Amino acid sequence: MIIDANITEKSFGAKNLLNLVRLTVETGEKIGLIGRNGIGKSTLFKIIIGNDKDYGGEVNIKRGAIIVSSDQEYGYTGTQTVLEHILAGLPEYMALSQTMADFTTKINPKTHELTKYSEALDRFNQKGYHYVEDQVTEELKKFQLDGYGTRQFTSLSGGEKRLVEVVKIMHSQADLALVDEPTNYMDYVAKEQFIKWLKAAPEAVLIITHDRDVLQQVDRIVEIRDGETFNFKGNYDHYLKQNAVDTSAQVNEYEVIQRRIDNLKVKVIDYKRLKEKARNPATI
């Protein structure tokens, strides 16, 4: 298990947004997170990655697990290029690169520093990070962003930034990726590329989306409704079938309750009539 979240209270002023949210994510699991706009999906993402700590409950994360998230708000990134922005969002790549860069500044490195450098270099090779810049550049082409690697990230439109965030997620090699509405600005070519990655990705993915094509590829759907989470095994087709069954059961239950109410009303009328006919009403 990568995360086990139990949110008992999350409010904004007088509005109670989340109160019975239970979410677990297993290794490699693909989960679609759905619900009405403003119901708390993005807020749950912020809680999971630690950007929002003002809530009741707890979020337990597997020791050493790497979690990445697509950004929705962008601070000033100066002259940072698109390629630099993506690489900066790859946690292990940056950590290993920093370790190796630090070693080059050592004049007389100690044994433990040499060991640390060797381990970082081995890991860097194992992950194939020597080729990551070429891979990212090629991926940008597939998302109709050919030549964007050298452009300043701040010069991009909102939609282009969202696509860049998706490319970043796809190359993060994290244990869990949190992706918010990834296909909103994609054409069919880019969406096909994203879905292809989603189906083959070894990491767990939690996706906020209303795109049925994407929801067809998940293992489970989690719906947030009235501050609670409801789990549905399977993809979007299974979700619709289970909802139909639940709705039918609710209708049947409603009809049974209505019949009970009608029967009670009849009994009340009968008792009133008996009371009126009785010589001693107090005995009825």
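For the structure, check the block above.
The structure displayed is predicted, hence computed values, not measured ones. (Residues numbered from 1 in each chain as written. Predicted model: local features only at pLDDT ≥ 70, side-chain atom pairs only at ≥ 80, totals over all residues. Heavy atoms only, no water.)

What about the overall build of the protein?
Okay, step 1: Looking only at helices and strands, the protein has 9 helices and 10 strands in total.
Okay, step 2: By the compact-globule yardstick of 19 Å for 284 residues, the protein is too spread out, its C-alpha radius of gyration being 27 Å.
Okay, step 3: Referenced to the eigenvectors of the C-alpha coordinate spread, the extents of the protein come out at roughly 110 × 45 × 35 Å.
Okay, step 4: For the protein, the proportion of contacts with a sequence separation of at least 24, taken over those separated by at least 6, is 63%.
Okay, step 5: In the form shown here, the protein has an accessible surface area of approximately 16,700 Å², with 49% of it arising from carbon and sulfur atoms.
Okay, step 6: Of the side-chain charges in the protein, 38 are positive and 41 negative, and the distance between the mean point of each set is 9 Å. (Helix = DSSP H or I, 4+ residues; strand = E, 2+ residues; numbered from the N terminus. Rg over C-alpha atoms; globule rule 2.2 N^0.38 Å. Contact = heavy atoms within 4.5 Å. Areas by Shrake-Rupley, 256 points an atom, 1.4 Å probe, with all protein chains shown as cover. Lys, Arg positive; Asp, Glu negative; His and termini not counted. Charge placed at Lys NZ, Arg CZ, Asp CG, Glu CD.)

Things to note about the sheet that holds strand E10 (residues 228-233)
Okay, step 1: Spatial ordering of the open sheet is given by E6-E7-E8-E4-E9-E10, a layout of 6 strands whose pairing is mixed. The open sheet has two edge strands with one neighbour each: strand E6 (67-69) and E10. The average angle at which neighbouring strand axes cross in this sheet is 20°, direction not considered.
Okay, step 2: Of the strand pairs in this sheet, strand E4 (residues 30-34) and strand E9 (residues 220-225) are connected by 4 bridges, and their pairing is parallel. Counterpart to Leu-33 in the pairing with E9 is Val-222.
Okay, step 3: Across the sheet, helix H1 (residues 41-49) lies against E4, E6, strand E7 (176-180), strand E8 (204-208) and E9, angled at about 150° from E7, the strand it touches most. (Pairing = 2+ DSSP bridges. Axes fitted to C-alpha atoms, helices over the stretch in contact; angles between N-to-C directions.)

Describing the side chain of Arg-220
Okay, step 1: On the secondary structure map, Arg-220 appears in strand E9.
Okay, step 2: Looking at Arg-220, its side chain comes within polar contact range of the main-chain oxygen of Thr-24, at 2.8 Å.
Okay, step 3: In terms of polar contacts, Arg-220 uses its side chain to reach the side chain of Asn-231, at 2.5 Å.
Okay, step 4: Contact partners of Arg-220, with chain neighbours within four places excluded, come to Thr-24, Glu-29, Lys-30, Ile-31, Gly-32, Asn-231, Phe-232, Lys-233 and Gly-234. (Polar contact = N/O pair within 3.5 Å; in protein donor to acceptor, adjacent residues only side chain to side chain.)

Description of the pairing of strand E1 (residues 3-12)
Okay, step 1: Here E1 runs beside strand E3 (residues 21-25); their pairing, made up of 5 bridges, is antiparallel. In the strand pairing of E3, Asn-6 is matched with Arg-22.
Okay, step 2: Here E1 runs beside strand E2 (residues 15-18); their pairing, made up of 3 bridges, is antiparallel. By the bridge assignment, Lys-10 is partnered in E2 with Leu-18.

Topic: the nonpolar core
Okay, step 1: Judged by nonpolar contacts, the single largest core of 39 residues is most densely connected at Phe-143, Phe-194 and Trp-197.
Okay, step 2: Here the element with the most residues in this core is helix H6 (residues 158-170); it accounts for 6 residues.
Okay, step 3: Core analysis: the second largest hydrophobic core is formed by 24 residues, Ile-3, Val-21, Ile-31 and Val-222 among them. (Core = buried A, V, L, I, M, F, W, Y, C linked by side-chain atoms within 4.5 Å. Buried < 20%, exposed > 50% of the residue type's maximum accessible area, 1.4 Å probe, protein only.)

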